[in-house]
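Listed below are the residues making up each chain.
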Amino acid sequence: MDQFNSVNSDSYKKKNILQEFFHSCLGKIVIFLGVLLVLYIFAIITVPTKKMMLEEAFDNIQECLQDNDSIKADEIDEFINNISRTISVADTTKTNKEVLNTFLKYNTLIVYSHLGFKTVHIVNGIYPQGERIGIGLFQTVISTVNYNDLVVTTGAVRGDYNKQLNAPVEVPDSLYTGENPNVQPYHYQGDTEN
């Protein structure tokens, strides 16, 4: 019997206030919020500079212009390429100078500061309000550029604007099938037999 009482008395020892706080729901929430606060302070301290944001975004754009050999609307390829662009550096010897000059002429990069991170937006004729192409946090610029966001060609969207839409069609003699019969519209007169 003494043995039973000694086991029970050990398992029901009174916990100190700190242990009870850590094991309570409120304690877990406070610990979680504390970790988030530390991460947020670390993010604020390690936000990339504006110069770094512009350099990395321009590097990512050069890589986007270089490896654009897939379908231009393929979002999965762009996502995978953005992962590799984030951790690599562009080879400037492979850049097409004409395309790069067109890009520089018709596109503008703007950096916006937020709480704990920065974003790079591209402004051009397609996106006059700006489109995000990079996110900077923890001293890293994450590429989100898509080839369709860049203006690298110019010209008319449609062909000849003064072309007559219903121009007469010339039919060659070899395709001549005869004259169209003179067809009059049929108007129902009712049943004339009854």
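This section reports on the structure supplied with the text. (Residues numbered from 1 in each chain as written. Predicted model: local features only at pLDDT ≥ 70, side-chain atom pairs only at ≥ 80, totals over all residues. Heavy atoms only, no water.)

## Some thoughts on the environment of Val-89
Using the following cut-off: Helix numbering and strand numbering both begin at the N terminus, where a helix is a DSSP run of H or I of at least 4 residues and a strand a DSSP run of E of at least 2. Three exposure classes are used, based on accessible area relative to the maximum for each residue type with a 1.4 Å probe and protein chains only: buried under 20%, partly exposed in between, and exposed over 50%. Only heavy atoms enter the contact rule, under which two residues are in contact if any of them lie within 4.5 Å.
Along the chain, the position of Val-89 falls in the loop between helix H5 (75-87) and helix H6 (97-106). Judged by its relative accessible area of 71%, Val-89 falls in the exposed class. For the pair Val-89 and Glu-56, spaced 33 residues apart in sequence, the C-alpha to C-alpha distance is 8.6 Å. The contact partners of Val-89, leaving out residues within four places of it in the chain, are Asp-59 and Glu-63.

## Quick word on the packing of helix H4 (residues 50-66) against H6
The condition is simple: To get an axis, fit a line to the C-alpha atoms, keeping to the stretch in contact for a helix; angles then go from 0 to 180 degrees between the N-to-C directions. Reported orientations rely on four angle classes, namely roughly parallel under 35 degrees, roughly antiparallel over 145, roughly perpendicular from 65 to 115, and oblique for the rest. Whether a crossing is left-handed or right-handed is set by the direction in which the near helix is turned from the far one by less than a right angle, anticlockwise for left-handed and clockwise for right-handed. Ten residues, namely Ala, Val, Leu, Ile, Met, Phe, Trp, Tyr, Cys and Pro, are considered nonpolar, four, namely Asp, Glu, Lys and Arg, are considered charged, and the remaining ones, Gly among them, are considered polar.
The geometry of H4 relative to H6 is characterised by a closest axis approach of 11 Å and an angle of 135 degrees between their N-to-C directions. It follows from the interaxial angle that H4 and H6 lie oblique. The way H4 lies across H6 gives a crossing that is right-handed. Where H4 approaches H6, its residues Phe-58, Ile-61, Gln-62 and Leu-65 are matched on the opposing element by Val-99, Leu-100, Phe-103 and Leu-104. Considered class by class, the residues forming the contact of H4 with H6 number seven nonpolar, one polar and no charged.

## Let's talk about unusual backbone geometry
The backbone of Phe-138 sits at a positive phi, close to 50 degrees, despite the residue not being glycine. With respect to the secondary-structure elements, Phe-138 resides in the loop between strand E3 (131-137) and strand E4 (140-143). Within the chain, Gln-139 stands out as a residue other than glycine whose phi angle is a positive 60 degrees. You can see Gln-139 is positioned in the loop between E3 and E4.

## A short note on the sheet that holds E3
To keep things clear, this is the line we draw: Here, any two strands with at least 2 DSSP bridges between them count as paired.
The strand order across the open sheet formed by four strands is E1-E2-E3-E4, and the pairing between neighbours is antiparallel. Two strands close off the open sheet at either side, each with one partner strand: strand E1 (108-113) and E4. Across this sheet, the average inter-strand angle for adjacent strands is 25 degrees, counted without regard to direction. The pairing of strand E2 (residues 118-123) with E3 spans five bridges and is antiparallel. Residue pairing in the sheet places Val-120 in a bridge with Gly-134 of E3. Packed on one face of the sheet, H4 meets E1, E2, E3 and E4 and runs near 135 degrees to E1.

## With respect to H4
What sets the pattern is the α-helix's 3.6 residues per turn: residues three or four places apart point alike. The line we're drawing: For a helix, the expected span equals 1.5 Å multiplied by the number of residues minus one.
Helix length check: H4, at 17 residues, gives a terminal C-alpha distance of 24 Å against a target of 24 Å (1.5 Å per residue), a fit within 8%. Those residues of H4 that fall on the buried side of the exposure criterion are Met-53, Ala-57, Asp-59, Asn-60, Ile-61, Gln-62, Glu-63, Cys-64 and Leu-65.

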